[in-house]
Amino acid sequence: MITSNSTNKTATPRPCQLATTMTKKTSSDTKKTQTITPSSGHSTVHHNTPTIQLQLHSRTFFLATLVFSLQIAIFVILTVDIIDVSNARNPMMFPPNVETPVRITEVLAIVIAIITQDDVRKAVNLLREGFDQDLPRAFEGATVAKWILSIVLRAIEGLLGLFVTFLLIMQSSNVLNLLLNFSASAMEFVTLM
C-alpha cells in the first residue's frame, strides 16, 4: 500500500512544480497512482488509471496563441491589401518592364529576406535535431505533439512573412521604392513578436 507522510495530509502540487508519478499494482489488480512533489515530500494517491490532461487554458498557451493569431492576422491583412483580385491580368500588381538595376536589386533583396528569415530556419533546425527527451522535465506538459505543432506554426508564420515580403519587393518599380519597402517593411517587426 502507498501512503503519504505520517501526517496523512495530501498536498496539491502547484503548476510550476515537477511531479513524479508512479503506478503500483496491488493484489486486487487495481492500479494506484502516486504523485510525489519534490519540494513538499507529500504524496497523493489516485485510484484508477490517470487521465492525460492538456493545459489548453494555461497562460503560456493563451499568450502563444494570441501572438500567433496577431502575426497571422497582420500578414493576411497585408496580403489582402497588396493583392488586387479585381485585376485578372496582374493581381499581384508586379510592374511590367522594369529596368535591370531594379530586377538585380529585387533578386538581392529576396535572397537577403530568405537568409534573414529566422523562423523558417529555426523550424528546419528543430526538426533536424529532433525532440529532446529532457524537454518534459524542463517544461511541464511538453509533449512531442505540442513540439511538432509549435514547429509547424512557426514555419507557417515564417513562410507567410516571406510571401508578403516577396510581394512588397516585386511590386517596386524603382530601386528607391524597393529599398524603402524592404528595409522599412513591417515583416521583421511582425516576425520578431
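Just so it is clear, the model here is predicted, and its values are computed rather than measured. (Residues numbered from 1 in each chain as written. Predicted model: local features only at pLDDT ≥ 70, side-chain atom pairs only at ≥ 80, totals over all residues. Heavy atoms only, no water.)

Draft legend 1. Representation of the overall build of the chain in the model. The number of helices and strands found in the chain is seven helices and three strands. Shown N-terminal to C-terminal, the secondary structure of the chain runs as helices and strands in the order β-β-β-α-α-α-α-α-α-α. Sequence-distant contacts in the chain: of pairs separated by 6 or more residues, those separated by 24 or more amount to 61%. For the chain, the accessible area works out to roughly 13,400 Å², and carbon and sulfur atoms hold 64% of it. (Helix = DSSP H or I, 4+ residues; strand = E, 2+ residues; numbered from the N terminus. Contact = heavy atoms within 4.5 Å. Areas by Shrake-Rupley, 256 points an atom, 1.4 Å probe, with all protein chains shown as cover.)

Draft legend 2. View of a nonpolar patch on the surface. On the surface, F62, L63, L66 and L70 cluster together into a nonpolar patch covering about 370 Å² of accessible area. Secondary-structure assignment places L63 in helix α1 (residues 59–82). The exposure class assigned to L63 is partly exposed, which follows from its relative accessible area of 44%. (Patch = residues over 30% accessible without salt bridge, like charges linked within 9 Å, V, L, I, M, F, W, Y side chains within 5 Å. Salt bridge = Lys/Arg side-chain N within 4 Å of Asp/Glu carboxyl O. Buried < 20%, exposed > 50% of the residue type's maximum accessible area, 1.4 Å probe, protein only.)

Draft legend 3. How the structure looks around the packing of aromatic side chains. A full pass over the atoms with the stated rule returns two aromatic pairs. Between F94 and F166, the ring centres sit 6.0 Å apart and the planes meet at 90 degrees, which makes this aromatic pair edge-to-face. Here F166 lies in helix α5 (residues 144–170) and F94 lies in the loop between α1 and α2 (100–116), a separation of 72 residues in the sequence. Consider the rings of F131 and W147, whose centres lie 5.7 Å apart with planes at 75 degrees: the pair is edge-to-face. Taken as a pair, F131 in the loop between α3 (118–129) and α4 (135–138) and W147 in helix α5 lie far apart in primary sequence, 16 residues in all. (Phe/Tyr/Trp six-rings, centres within 6.5 Å; stacked < 30°, edge-to-face > 60°.)

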